[in-house]
Amino acid sequence: MKISGQSVAGKNESSLPELIENLYPNPATDQLAVTIKSKGSFRLQILDSEGKLVFNEDESSEGDNITLRVPIEELKPGLYLLLLQSDEGYYSTRQFVKQ
């Protein structure tokens, strides 16, 4: 048996821009602070541990290191995934715990 193919070249994951500078407090109770590294338009989503979308909001940042306040008091206690996607298609994720 002979196997042939092409090599696939792509960007190294470490070279992709990180959009989230900080996320706190973690664990959180009623509000989450998300610091965005750069300016632009973003979609902020929160998924629960089953992958269900529980929060979806479009945001924009006019400068670097802007902190957004995200209300989470309506969420049930548990583990969540915050996803921030830029209008260029880049995204960053962070896990947090809602108490």
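The notes below deal with the structure included here. (Residues numbered from 1 in each chain as written. Predicted model: local features only at pLDDT ≥ 70, side-chain atom pairs only at ≥ 80, totals over all residues. Heavy atoms only, no water.)

## As for the overall build of the protein
Item 1. For the protein, the helix and strand inventory stands at zero helices and seven strands.
Item 2. Going residue by residue from the N terminus, the α and β elements of the protein occur as β-β-β-β-β-β-β.
Item 3. A buried classification covers 29% of the 99 residues belonging to the protein.
Item 4. In the structure as shown, the protein presents an accessible area of about 7000 Å², 45% of it carried by carbon and sulfur atoms. (Helix = DSSP H or I, 4+ residues; strand = E, 2+ residues; numbered from the N terminus. Buried < 20%, exposed > 50% of the residue type's maximum accessible area, 1.4 Å probe, protein only. Areas by Shrake-Rupley, 256 points an atom, 1.4 Å probe, with all protein chains shown as cover.)

## Some details on the sheet that holds strand 5 (residues 66–71)
Item 1. Taken together, three strands build an open sheet; the order of strands is 1-2-5 and the sheet is antiparallel. The strands lining the two open edges of the sheet, one partner per strand, are strand 1 (20–24) and strand 5. Between one strand and the next, the sheet's axes are offset by a mean angle of 20 degrees, whatever the strand orientation.
Item 2. Sheet analysis places strand 1 next to strand 2 (residues 31–36), joined by four bridges and oriented antiparallel. Residue Asn22 lies in a different strand from strand 2, and its bridge partner there is Thr35. (Pairing = 2+ DSSP bridges. Axes fitted to C-alpha atoms, helices over the stretch in contact; angles between N-to-C directions.)

## Some points on the packing of aromatic side chains
Item 1. Counted under the stated rule, the structure contains one aromatic pair.
Item 2. Ring plane angle 20 degrees and centroid distance 5.6 Å describe the contact between Tyr80 and Phe96, whose orientation is recorded as stacked. In this pair, Tyr80 is assigned in strand 6 (residues 78–86) and Phe96 in strand 7 (residues 91–98), connecting sequence segments 16 residues apart. (Phe/Tyr/Trp six-rings, centres within 6.5 Å; stacked < 30°, edge-to-face > 60°.)

## Describing the nonpolar core
Item 1. Counting residues in each nonpolar core, the largest one holds 19 residues, and the members touching the most others are Leu32, Ile46, Val70, Ile72, Leu82 and Phe96.
Item 2. When residues of this core are traced back to their parent elements, those giving at least two are strand 1, strand 2, strand 3 (40–47), strand 5 and strand 6. (Core = buried A, V, L, I, M, F, W, Y, C linked by side-chain atoms within 4.5 Å.)

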